[in-house]
Amino acid sequence: MKNVFKKGLWENHPIFKQLLGMCPTLAVTTSAINGLSMGLAIIFVLNFSSGIVSLIRKFIPPQVRIAVYTIIIATFVTLADLFLKAFFPSISKALGPYVPLIVVNCIILGRAEAFSSKNPPKLALLDSLGVSLGFLWGLVLLGSLRELLGAGTIFGIKVLGDFFEKWVVMVLPAGAFLVLGFLVGVINYIERKRR
Amino acid sequence: MRDLFLIFLSAVLVNNFVLTYFLGICPFLGVSSSYEQAVGMGLAVTFVMSLASSICWIFYHLILVKFGLLILEYVVFILVIASLVQIVEMFIRKYSPSLYQSLGIYLPLITTNCAILGLVLFMVIRDYNFIQSVVFGFSSGLGFSLVLVMMAGIREELKFSDIPQILKGASITLITAGILALAFMGFSGLISS
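Cut-off values and rules
Residues numbered from 1 in each chain as written. Chains lettered and ligands numbered in written order. Predicted model: local features only at pLDDT ≥ 70, side-chain atom pairs only at ≥ 80, totals over all residues. Heavy atoms only, no water. Helix = DSSP H or I, 4+ residues; strand = E, 2+ residues; numbered from the N terminus. Rg over C-alpha atoms; globule rule 2.2 N^0.38 Å. Buried < 20%, exposed > 50% of the residue type's maximum accessible area, 1.4 Å probe, protein only. Areas by Shrake-Rupley, 256 points an atom, 1.4 Å probe, with all protein chains shown as cover. Lys, Arg positive; Asp, Glu negative; His and termini not counted. Charge placed at Lys NZ, Arg CZ, Asp CG, Glu CD. Contact = heavy atoms within 4.5 Å. Buried area = accessible area lost by both parts, 1.4 Å probe. Salt bridge = Lys/Arg side-chain N within 4 Å of Asp/Glu carboxyl O. Polar contact = N/O pair within 3.5 Å; in protein donor to acceptor, adjacent residues only side chain to side chain. Expected span 1.5 Å × (residues − 1). Axes fitted to C-alpha atoms, helices over the stretch in contact; angles between N-to-C directions. Left-handed = near helix turned anticlockwise from the far one by under 90°. Nonpolar A, V, L, I, M, F, W, Y, C, P; charged D, E, K, R; others polar. Phe/Tyr/Trp six-rings, centres within 6.5 Å; stacked < 30°, edge-to-face > 60°.

## Things to note about the overall build of chain A
Within chain A, the secondary structure is distributed over eight helices and two strands. Secondary structure of chain A in N-to-C order comes out as α-α-α-α-α-α-α-β-β-α. For 195 residues, the compact-globule formula gives about 16 Å, and the C-alpha radius of gyration of chain A, at 18 Å, lands near that figure. Principal-axis analysis of the C-alpha atoms gives chain A an extent of 60 × 50 × 25 Å. Residue burial in chain A is summarised as follows: out of 195 residues, 52% are buried. Put simply, chain A shows about 9,100 Å² of open surface, and 70% of that area lies on carbon and sulfur atoms. For chain A, the distance from the average position of its 19 positive side-chain charges to the average position of its 8 negative side-chain charges is 9 Å.

Here it is, written out as structure tokens:
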């Protein structure tokens, strides 16, 4: 049981190993705080939708299952979106259309299809908790790295002094691809060392 | 006329969906290993995008806004897109079985291609009228195809080059995309926003 939880954190990490959910990963990680809020939104949507999918898994006709999952996910995304708009308008603005785009995030549909539609709620929740926490640390790491290189700060706190020439490209779209590309390389390297 | 041309130029080159908004990255990384698949995928996405933008515009303005059902916005959009993809899938299976075979799983996955939903969301946020939406949909599809085909060309060359062992696979593809994005930044002066 513990294994189910741990898998998403490293072994099957959604970003670095499976390369799923690339669109929010690359788009919102311009700063650590944006990465964190997107990660929290994903935790909310993923856990609730896998719980519900697992609860009603025996009543969903297999032909229309994808449509049913999508509607469940879209409902929770609407909730998350309205919540952010009401209580954290500045974050909602920074994340822009990427909050509604969680609907089509492959991680969430992937977990519904591959795991929670076949397992009881308790296991499904453990799995989704692991995957969403894995996604969270990936986003925060990527966001912190890009913010550090691009602005010299992490979570808005100054880390690098004035001597540091800011690499503005790191907070631009091109930097997202470069940082993630090298991070995946580093993770490959760690994996090979461990073997 | 001028605004339509600007929308076209912006969607294809300046604010390319893949390289600046990161929409449609999954097929971009998945299908871009062969040139022919990339062309087929690009055509399918362009077609779905042009249709999705016009049909979602009609749904949004004539039903959702009119009857105050905006809370259902995302659910309606995703249902429209899913049924469109289903139709395109049946169409391709009937008229070009070989293309259908080679696209495989990526065809139904256009539904969850964030580029399509992203397109519709941008259309709503920017408050485009009907004709602008159609142009926006078509040119975004073209921009997507352009980058996909370029990437496929580069990746076919990459097969023969000497890449460090740990960077092989997804890593070098992402770095290549990064360099491509850097190159596309050169277009940003075309339109002053």
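## Topic: the interface of chain B and chain A
Taken residue by residue, the interface counts 36 residues in chain B and 36 residues in chain A. Summing both partners gives a buried area of about 3,000 Å² for chain B against chain A, and 85% of it is carried by carbon and sulfur. Ranking the residues of chain B by area buried against chain A places Phe-22, Tyr-74 and Ile-166 of chain B at the top, with a combined share of 23%. In this structure, the connection of chain B to chain A is made through zero salt bridges. Here chain B and chain A share four residue pairs in polar contact (both at pLDDT 80 or more) between them. The set of elements that each furnish at least two residues to the side of chain B that touches chain A consists of α2 (17-21), α3 (25-30), α5 (73-95), α7 (114-125) and α9 (170-184) of chain B. A per-element tally of the side of chain B that touches chain A places α9 of chain B first, with nine residues.

## Topic: helix α4 (residues 65-87) of chain A
Compared with an ideal rise of 1.5 Å per residue, which puts 23 residues at 33 Å, α4 of chain A spans 33 Å between its outermost C-alpha atoms and is within 8% of the ideal. Within α4 of chain A, burial applies to Tyr-69, Thr-70, Ile-72, Ile-73, Ala-74, Phe-76, Val-77, Thr-78, Ala-80, Asp-81 and Leu-84 of chain A.

## Focus on the environment of Val-140 of chain A
Residue and element names in this part refer to chain A. As for its position among the elements, Val-140 is in helix α7 (residues 121-151). Owing to a relative accessible area of 19%, Val-140 belongs among the buried residues under this scheme. In this structure, the C-alpha to C-alpha distance between Val-140 and Met-38, residues 102 residues apart in sequence, is 9.2 Å. Beyond its immediate stretch of four places on either side in the chain, Val-140 contacts Leu-36 and Phe-155.

## Focus: the packing of α7 of chain B against helix α8 (residues 130-158) of chain B
All names here are of chain B. As a packed pair, α7 and α8 sit with axes 11 Å apart at the nearest point and diverge in direction by 145°. Of the two possible hands of crossing, α7 and α8 adopt the one that is right-handed. Seen from α7, the contacting residues are Leu-119, Phe-122 and Met-123; seen from α8, they are Ser-133, Phe-136, Gly-137 and Ser-140. For the contact of α7 with α8, the class distribution of residues is four nonpolar, three polar and no charged.

## A look at unusual backbone geometry
All names here are of chain A. At Leu-19, a residue that is not glycine, the phi angle is positive and equals roughly 50°. Tracing the chain through its elements places Leu-19 in the loop between α1 (2-7) and α2 (22-27). In the Ramachandran plot, Phe-155 falls in the positive-phi region, its phi being about 55° despite a non-glycine side chain. Within the secondary structure layout, Phe-155 lies in the loop between β1 (153-154) and β2 (157-158).

## Details of the packing of aromatic side chains
Inspection of the entire model under this criterion finds 17 aromatic pairs over all chains. Measuring from ring centre to ring centre gives 5.0 Å for Phe-44 of chain A and Phe-48 of chain A, while their planes differ by 55°; the resulting arrangement is tilted. Of the two residues, Phe-44 of chain A and Phe-48 of chain A are both situated in helix α3 (residues 32-55); the distance of four residues between them amounts to about one turn of the helix. The partly exposed category is assigned to Phe-48 of chain A, whose relative accessible area is 44%. Members of the aromatic cluster, connected to one another through ring pairs, are Phe-17, Tyr-21, Phe-122, Tyr-128 and Phe-136 of chain B.

## Notes on the side chain of Ser-128 of chain A
All names here are of chain A. Position of Ser-128 among the secondary structure elements: in helix α7. Ser-128 gets classed as buried once you look at its relative accessible area, which sits at 0%. In contact with Ser-128, other than residues within four places in its own chain, are Leu-46, Asn-47 and Ser-50.

## A closer look at α3 of chain A
Here α3 of chain A contains 24 residues, and its C-alpha end-to-end distance of 34 Å stays within 8% of the 34 Å for a straight helix at 1.5 Å per residue. Counting buried positions along α3 of chain A yields 17 of 24 residues, so the element is predominantly enclosed.

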